Amino acid sequence: MHAVIMGAGIAGVTNAYFLAKAGFKVTVVDRQPEAARETSFANAGMIAPGHSFTWNSPGAPMTLLKSLFGAKTALRLKLSTDPRFYSWGLKFLRNCTAARAHEKTLVKLSLNLYSQQQTHKVVAETGVAYDGMRNGILYLYRNAEMLEAGVAHMQMMRDRGLRIDVLDAEGCARVEPTLAAVKRRIAGAIHCPDDESGDACKFTQGLAAACQRMGVEFRYNTTVREIIVGGGRVGGVVTDKGMVKGDTYVMSLGSYSSLLSKNLGVKLPVYPVKGYSLTLPIDGHNGAPSLPTVDEENLVAISRLGDRMRMTAIAEFSGYDNSNKPEDFAGMIAAAKDLYPDSCDFGKPNYWSCLRPMTPDGPPVVGRGKQKNMFFNTGHGHMGWTMACGTGRITADLMQDKKPEIDVTGMLVDRFN
Ligand SMILES: Cc1cc2nc3c(=O)[nH]c(=O)nc-3n(C[C@H](O)[C@H](O)[C@H](O)COP(=O)(O)OP(=O)(O)OC[C@H]3O[C@@H](n4cnc5c(N)ncnc54)[C@H](O)[C@@H]3O)c2cc1C
């Protein structure tokens, strides 16, 4: 069986690995010169079941509205003329009830916990290097009331077995000694000891190399233009370098998945949400933290990835515009300098921005489409590094008509049709 995977981001490459392991012949097509050059390039690096909350919540619509009037909110909206944005937005708003947010968060949690196990297996099987750290993640609060609310919010995940330690400021300094100097400015943190971190780009590129050794063919610098459909099947993928044909196909084009799915007869509401990412060299600085931190007040994620520090923030609805300018990074630099002033050389910033492929309800999209030989593995939103080994394994199972090891009902592409 020959599978053609569209997209060599973390979703496509993990899928290629599980298919190659199952004995498929695999071809991966990507427009970039190597794997993980788009959204999987410079994310926050967190493998974080503790961060499974959907972005939908009863408070999200007001946050978006405030952002239209210039408030510096974590979710930012720019008015758009794109009708796809409004159709996605309506679906997003429909999922902003407390009940829906609860239900979808638990779908994500179940996937994230499963995916973490699969990631460990892939690492054990391939020895892929990715600057991994298994020290947990600190969800840090500067305000006692917000900490209390955060702990209450986490209860639903705690009830599902997620381990959580609630720390006061002294406790934070015990777990992360570099915080001792700033403990007067923090209220405490939720420490998820089983969360982890690592470089998603290094992982994806290392795994792509392992896939190549297993016989997977990567066709880089090749842009998918159209998917050919006829007789209830996908017949091939038209690219700028000619037609690519297989027996079965996987859509893993990140934020571009819905643009290329027009012929497939499915509704695929995957919309881009821009995020900003900053990488700085540690260069001999002694105050780099040993575990990643989410500054919950400023919504900035801060991770050490080997000899670099990575900071990410902001969720901006501005269509497919992927530009950035130094001013966009001021907030995250201020937050990181405040908590970890001696963590890295702040004078050597490497700016980056990219588009999260978001679904309007939170979980990603997997499953068979309208054609027997067309599968989806996309829409991982803000958690694709955490979810990818899980959805890669699930998609490979579905392509072999095997029952996935977890319930995937809440992730199926059918849910939008
Ligand atoms: C700022 C930020 C921080 C994040 N932090 C985290 C985190 O800490 N933890 C976490 O779990 N997740 C995080 N994420 C989310 C995660 O990075 C994404 O969910 C994940 O990278 C998506 O992977 P993907 O393979 O679906 O998409 P991509 O990596 O974008 O891959 C899609 C591929 O398709 C290719 N492509 C697109 N169109 C075409 C075409 N027409 N023809 C050929 N090829 C094409 C692209 O070149 C690309 O290689 C973060 C995201 C952002 C933006």
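All of these numbers come straight from a predicted model, not from anything done at the bench.

## Looking at the overall build of the chain
Along the chain, the regular secondary structure elements total nine helices and 20 strands. Against the 2.2 N^0.38 benchmark of 22 Å for 417 residues, the chain shows a C-alpha radius of gyration of 21 Å, consistent with a compact globule. Dimensions of the chain, computed from the C-alpha atoms along their principal axes, are close to 65 × 45 × 40 Å. Residue burial in the chain is summarised as follows: out of 417 residues, 51% are buried.

## Here we look at the sheet that holds strand S2 (residues 25-29)
If you trace the six strands from one edge of the open sheet to the other, you get S9-S2-S1-S13-S20-S19, paired in mixed fashion. Where the open sheet ends on each side, the last strands, each with one partner, are strand S9 (217-219) and strand S19 (365-368). Direction aside, neighbouring strands of the sheet carry axes that sit 20° apart on average. Bridge count for S2 against S9 is three bridges, and the pairing is parallel. Residue pairing across strands places Val29 opposite Arg219, the latter belonging to S9.

## Considerations on the domain arrangement of the chain
Accessible area lost during the coming together of the parts is what is often quoted as the interface size. On domain assignment, one finds that the chain holds domain 1 (2-41 + 202-270 + 362-416) and domain 2 (55-96 + 132-196 + 273-350). Here the C-alpha centroids of domain 1 and domain 2 sit 29 Å apart.

## Overview of the site of the ligand
Around the ligand, 41 residues are found, and the nearest of them are Gly9, Ala44, Gly254, Gly275 and Gly384. Of all elements in the fold, only helix H1 (10-21), strand S14 (271-281), strand S18 (350-358) and helix H9 (384-399) reach the threshold of two or more residues within the shell around the ligand. Taken domain by domain, the shell around the ligand gets at least three of its residues from each of domain 1 (2-41 + 202-270 + 362-416) and domain 2 (55-96 + 132-196 + 273-350).

## Observations regarding the sheet that holds strand S10 (residues 224-230)
Strand order across the open sheet formed by three strands is S10-S11-S12, with antiparallel pairing between neighbours. Both edges of this open sheet fall to S10 and strand S12 (242-244), since each of them pairs with a single strand only. Adjacent strand axes in the sheet meet at a mean angle of 30° when their direction is disregarded.

## Quick notes on the nonpolar core
In this structure, Met6, Val13, Ala16, Leu19, Val26 and Met311 are the most contacted members of the largest nonpolar core, which totals 117 residues. When residues of this core are assigned to their parent elements, the largest contribution, eight residues, is made by H1. Each of two domains, domain 1 (2-41 + 202-270 + 362-416) and domain 2 (55-96 + 132-196 + 273-350), supplies a minimum of three residues to this core. The contact partners of Met311, leaving out residues within four places of it in the chain, are Leu278, Val300, Ala301, Ile302, Met332 and Ala336.

## Thoughts on the packing of H1 against H9
One can describe the packing of H1 onto H9 by two numbers: an axis separation of 8 Å at closest approach and a directional angle of 40°. Between H1 and H9, the angle is such that the two are oblique. Seen from above, H1 lies across H9 with right-handed handedness. Mapping the contact onto sequence places Ile10, Ala11, Thr14, Asn15, Tyr17, Phe18 and Leu19 in H1 and Gly384, Trp385, Ala388, Cys389, Thr391, Gly392, Arg393, Thr395, Ala396 and Met399 in H9. Its residues placed into classes, the contact of H1 with H9 shows ten nonpolar, six polar and one charged.

## Some details on the pairing of strand S11 (residues 233-239)
Here S10 pairs with S11 via six bridges, running antiparallel. Its bridge partner being in S11, Val224 is matched across the sheet by Thr239. Joining the antiparallel neighbours S10 and S11 is a turn of two residues, in which Gly231 adopts a positive phi near 60°. Two elements, S11 and S12, share three bridges in a ladder whose sense is antiparallel. Of the residues in S12, the one forming a bridge with Thr239 is Gly242. The turn linking S11 back onto S12 is made up of two residues.

## Things to note about the environment of Ile10
Its place among the elements puts Ile10 in helix H1. For Ile10, a count of 32 C-beta atoms within 10 Å puts it in the buried group. In this view, Ile10 contacts Ala36, Ser40, Ala200, Thr204, Gly384, Trp385 and Ala388; residues no more than four positions away in its chain are not counted.

## Some thoughts on the pairing of strand S20 (residues 374-378)
When you tally the buried positions in S20, you get five out of five residues, the bulk of the element. Side chains of S20 alternate between two faces, with Met374, Phe376 and Thr378 and Phe375 and Asn377 buried alike. In this sheet, S20 lies alongside strand S13 (residues 248-251) in parallel orientation, the contact comprising three bridges. By the bridge assignment, Met251 is partnered in S20 with Phe376. In this sheet, S20 lies alongside S19 in antiparallel orientation, the contact comprising four bridges. For Gly367, the partnering residue across the bridge sits in S20 and is Phe376.

## Here we look at the packing of helix H4 (residues 98-126) against H9
Between H4 and H9, the least distance of the axes is 7 Å, while the angle of their chain directions is 85°. On the basis of the axis angle, H4 is roughly perpendicular to H9. For the pair H4 and H9, contact is made by Leu111, Asn112, Tyr114, Ser115, Gln118, Thr119 and Val122 and by Thr386, Met387, Ala388, Cys389, Gly390 and Arg393, respectively. Partitioned by chemical class, the residues of the contact of H4 with H9 number six nonpolar, six polar and one charged.

Conventions we followed
- In every chain, residue numbers begin from 1 and rise along the written sequence.
- Thresholds applied to this predicted model are a pLDDT of at least 70 for local features of residues and 80 or more for the giving and counting of side-chain atom pairs; totals over whole chains, interfaces and linings are not thresholded and use all residues.
- Under the DSSP-based scheme used, a helix requires at least four consecutive residues in state H or I and a strand at least two consecutive residues in state E, with every element numbered from the N terminus.
- For the radius of gyration, the atom set is restricted to C-alpha positions; the globular benchmark scales as 2.2 Å times the number of residues to the power 0.38.
- With C-beta atoms placed from the backbone, a residue counts as buried when 20 or more other C-beta atoms lie within 10 Å of its own, as exposed when 12 or fewer do, and as partly exposed for counts between those limits.
- Whether two strands pair comes down to DSSP finding at least two bridges between them.
- Structural elements are reduced to axes, namely lines fitted to C-alpha atoms, with helices fitted over the stretch in contact, and the angle between N-to-C directions of any two is expressed from 0 to 180 degrees.
- Where each domain begins and ends is defined by an automated method or by a domain database.
- Nearness here has a simple definition: the residue's C-beta atom, placed using the backbone, must lie within 6 Å of the molecule or strand.
- Defined on buried residues, the nonpolar core groups Ala, Val, Leu, Ile, Met, Phe, Trp, Tyr and Cys residues joined through C-beta atoms within 7 Å.
- A pair of residues counts as a contact when their C-beta atoms, built from backbone coordinates, are within 7 Å of each other.
- By the definition adopted for this analysis, an angle is roughly parallel if under 35 degrees, roughly antiparallel if over 145, roughly perpendicular if from 65 to 115, and oblique otherwise.
- Put simply, a crossing is left-handed when the front helix is turned counterclockwise from the back one by less than a right angle, and right-handed when it is turned clockwise.
- Residue classes follow a fixed rule: Ala, Val, Leu, Ile, Met, Phe, Trp, Tyr, Cys and Pro count as nonpolar, while Asp, Glu, Lys and Arg count as charged, and any other residue, Gly among them, counts as polar.

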